[in-house]
Amino acid sequence: MKISVIGTGYVGLVSGTCFAQMGNSVTCVDIDEAKIAKLREGIIPIYEPGLETMVLENHKKGTLTFTTDIKEAIASTDVAFIAVGTPMGEDGSADLQYVLAVAKSIGEHMQHYMVVVDKSTVPVGTADKVKAAIRAELDKRGVDLEFDVVSNPEFLKEGAAIEDFMHPDRVVIGAESEQAMAVMHDLYAPFMKKSDRFIGMDIKSAEMTKYAANAMLATKISFMNEMANICERVGADVNKVRHGIGSDSRIGYSFIYPGCGYGGSCFPKDVQALAKTAKDFGYTPRILDAVEAVNYDQKMVIAQKVIKRFGEDLSHLTFGIWGLAFKPETDDMREASAITIINALTARGAKIKAYDPKARHEAESHYLKGNESVEYVDSKYDALTDADALILVTEWQEFRSPDFDEIDKRLKSPIFFDGRNQFDKERMARLGFEYFQIGVEI
């Protein structure tokens, strides 16, 4: 098929590249001329394992092209994906201005029947707004073209997006017509040769599915973090509790690891957007409000442990930070716990030596820009030289089996704050570390 993907952010670029990998002819569109120029040169704006190789390969073959001209892109397209950002507004709602601007452009330039797909994460009812925006532009032109608007929410995990797209555990499609549903089934059929995991439904249910999925996962994280906070106070060990409840097949082990809160582009934004939608329709989402409130507080837990150990005045102290990204295998720092932790410590006078395998540029250029108390280093052990303590924030693989002798040698004192509960407290005690975890009584 001939496909246009409007928006070359995380979702758009991954989606377009994977469709091209299956032999489709894909044009990725963006209004950012500098980004398109870099993509044409083979410079990828995000880090995602496997993405760069796939982009370069398909661009070289001509199955993946990049342009700023939406008219050119949709001239002969069969399916047009809207994959632009839906940033969170001040009231928690999803900002649809970019989605509707794309819909307007499609209406201005389309010349034949096509399927228009909402790939961006959007609130329930957005497809109706997209359809109305396209129809309004067609009416202005005095043309009566048929088109369908479809909801196709994405379920990509940052750090594993290529695998998720190429081997999906489900493809959710919301459509009003059999024709549109058939087009989408044909498009995704090559990705489901072993098992047909295509789930067709009405549009509003598809829009709701994305929010419900992310809200459920965020709920599990906040629930476990709340259990961790209770465990600390009653003298229990949340790591043992996790094993105890995770062995129940009805609960499982996924997303019940205690830590210093969730971040990223999805969970924080989507939980708040769903809560806002509920309130707009007269319902108070008490669980969703609690999930977000627990997460907000959880990002300060490690900083509070540091302050409790060293005092409010940290002006004479330096801390080594392992991990800046909100999760491993990505350079994404949106809503990352590291931002909250670092800002809380430097506000009290602390110096920071930070290391992350991929997110350094994001921190320096945007998320921690202007914080002169942060020094960035090139290796995890360099972050510890003459530091007063180590703080592990992101659980990158290279942090899982470190050289504890080297850590001890580099630090002024063997003090370790573990924001992801990566190590066994008894082992750390045997190694001579003063070791702080989440959800474990000190």
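Residues numbered from 1 in each chain as written. Predicted model: local features only at pLDDT ≥ 70, side-chain atom pairs only at ≥ 80, totals over all residues. Heavy atoms only, no water.

### Things to note about the overall build of the protein chain
Each helix and strand in the protein chain was counted, giving 17 helices and 14 strands. The globule rule puts the C-alpha radius of gyration for 442 residues at 22 Å, and the 24 Å found for the protein chain is close to it. Expressed along its principal axes, the backbone C-alpha trace of the protein chain runs to roughly 75 × 45 × 45 Å. Within the protein chain, the fraction of its 442 residues that count as buried is 54%. (Helix = DSSP H or I, 4+ residues; strand = E, 2+ residues; numbered from the N terminus. Rg over C-alpha atoms; globule rule 2.2 N^0.38 Å. Buried < 20%, exposed > 50% of the residue type's maximum accessible area, 1.4 Å probe, protein only.)

### Looking at the packing of aromatic side chains
Applying the stated rule across the entire model yields 19 aromatic pairs. A ring pair is formed by Phe 19 and Phe 165, whose centres lie 5.1 Å apart and whose planes are at 90°; its orientation type is edge-to-face. Linking Phe 19 in helix H1 (residues 10–21) with Phe 165 in helix H7 (residues 161–166), this pair joins segments that are 146 residues apart in sequence. The buried category is assigned to Phe 19, whose relative accessible area is 0%. (Phe/Tyr/Trp six-rings, centres within 6.5 Å; stacked < 30°, edge-to-face > 60°.)

### Considering the sheet that holds strand S14 (residues 434–436)
Sheet architecture is open: six strands sit in the order S11-S10-S9-S12-S13-S14, paired in parallel fashion. Either end of the sheet is taken by a strand with one partner, and the two such strands are strand S11 (374–376) and S14. On average, adjacent strands in this sheet sit at an angle of 20° to one another, irrespective of strand direction. Two strands pair when backbone bridges link them, and strand S10 (residues 351–355) and S11 are joined in this way by three bridges, in the parallel orientation. Bridge assignment links Lys 353 to a residue of S11, and that residue is Glu 375. Its contacts with the sheet place helix H13 (residues 301–310) against strand S9 (318–322), strand S12 (389–392), strand S13 (415–418) and S14, and it is angled at close to 155° to S13. (Pairing = 2+ DSSP bridges. Axes fitted to C-alpha atoms, helices over the stretch in contact; angles between N-to-C directions. Contact = heavy atoms within 4.5 Å.)

### Focus: the nonpolar core
Phe 319, Leu 324 and Leu 345 are the most contacted members of the largest nonpolar core, which totals 60 residues. Excluding residues that lie within four positions of it along the chain, Leu 324 makes contacts with Met 333, Ala 336, Ala 338, Ile 342, Ala 354, Asp 356, Ala 359, Arg 360, Ala 363, Leu 368, Tyr 376 and Thr 394. Among the nonpolar cores identified, the runner-up in size contains 42 residues, and Ile 44, Phe 66, Phe 165 and Ile 173 belong to it. (Core = buried A, V, L, I, M, F, W, Y, C linked by side-chain atoms within 4.5 Å.)

### Points about helix H9 (residues 203–234)
The end-to-end C-alpha distance of H9, which contains 32 residues, comes to 47 Å, matching closely the 46 Å that a straight helix rising 1.5 Å per residue would cover. Sitting at the head of H9, Asp 202 places a side-chain oxygen 3.4 Å from the backbone nitrogen of Lys 204. Downstream of H9 by a residue or two, Gly 235 has a phi angle that is positive, lying close to 90°. (Expected span 1.5 Å × (residues − 1). Polar contact = N/O pair within 3.5 Å; in protein donor to acceptor, adjacent residues only side chain to side chain.)

### Overview of the pairing of strand S7 (residues 171–174)
Here S7 shows two buried faces, one formed by Val 171 and Ile 173 and the other by Val 172 and Gly 174. Direction of pairing for S7 relative to strand S8 (residues 198–201): parallel, over a ladder of four bridges. Along S8, the bridge assignment pairs Gly 174 with Met 201. What joins S7 to S8 is helix H8 (residues 178–188), and the crossover it makes is right-handed. (Right-handed = clockwise from strand over helix to strand, strands pointing away.)

### Notes on the pattern of salt bridges
Under the definition given, this model contains 29 salt bridges. Among the charged side chains, a salt-bridge network with shared partners connects Asp 382, Glu 406, Lys 409 and Arg 410. (Salt bridge = Lys/Arg side-chain N within 4 Å of Asp/Glu carboxyl O.)

### Focus: unusual backbone geometry
In this structure, Phe 255 takes a positive phi of about 65° despite not being glycine. Position of Phe 255 among the secondary structure elements: in the loop between helix H10 (238–246) and helix H11 (267–280). Even without being glycine, Asn 421 reaches a positive phi, approximately 50°. With respect to the helices and strands, Asn 421 occurs in the loop between S13 and helix H17 (425–430). Residue classification places Asn 421 among the buried positions, given a relative accessible area of 12%.

### Topic: the packing of H11 against helix H12 (residues 286–298)
Relative placement of two packed helices is described by the angle separating their axes and the distance separating the axes. Interhelical geometry of H11 versus H12 gives an angle of 150° and a closest axis separation of 9 Å. Relative to H12, the element H11 is oriented roughly antiparallel. Note on packing geometry: the crossing formed by H11 with H12 is left-handed. Side by side, H11 and H12 meet where Pro 268, Val 271, Gln 272, Leu 274, Ala 275 and Lys 279 of the first sit next to Leu 288, Asp 289 and Glu 292 of the second. (Parallel < 35°, antiparallel > 145°, perpendicular 65-115°, else oblique. Left-handed = near helix turned anticlockwise from the far one by under 90°.)

### Section: the state of the cysteines
Applying the stated criterion to the full structure yields zero disulfides. Take Cys 18: it sits in no disulfide, and the sulfur closest to it among the cysteines is that of Cys 28, at 11 Å. Here Cys 18 falls in the buried class, since its relative accessible area comes to 0%. With no disulfide partner, Cys 260 has as its closest neighbouring cysteine sulfur the one in Cys 231, 17 Å distant. (Disulfide = S-S within 2.5 Å.)

### A closer look at the pairing of S9
For a regular strand, the rule is simple: side chains alternate between the two faces of the sheet. With respect to burial, S9 is a largely interior element, five of its five residues being buried. Burial along S9 is two-sided: Thr 318, Gly 320 and Trp 322 facing one way and Phe 319 and Ile 321 facing the other are all buried. Relative to S10, S9 runs parallel, the two being bridged by five bridges. In the strand pairing of S10, Thr 318 is matched with Lys 351. Read from S9 through helix H14 (residues 337–346) to S10, the crossover connection turns out right-handed. Bridge analysis of S9 against S12 gives four bridges, and the strand direction is parallel. Bridge pairing links Gly 320 to Leu 390 in S12.

### Points about the environment of Lys 276
The topology assignment puts Lys 276 in helix H11. Those residues in contact with Lys 276 that lie beyond four places of it in its chain are Asp 91, Gly 92 and Ser 93.

### Focus on the environment of Ile 162
Relative to the helices and strands, Ile 162 is located in helix H7. Taking relative accessible area as the criterion, Ile 162 reaches 10% and is therefore assigned buried. Setting aside chain neighbours within four positions, we find Ile 162 in contact with Val 14, Cys 18, Glu 48, Pro 49, Gly 50, Leu 51 and Met 54.

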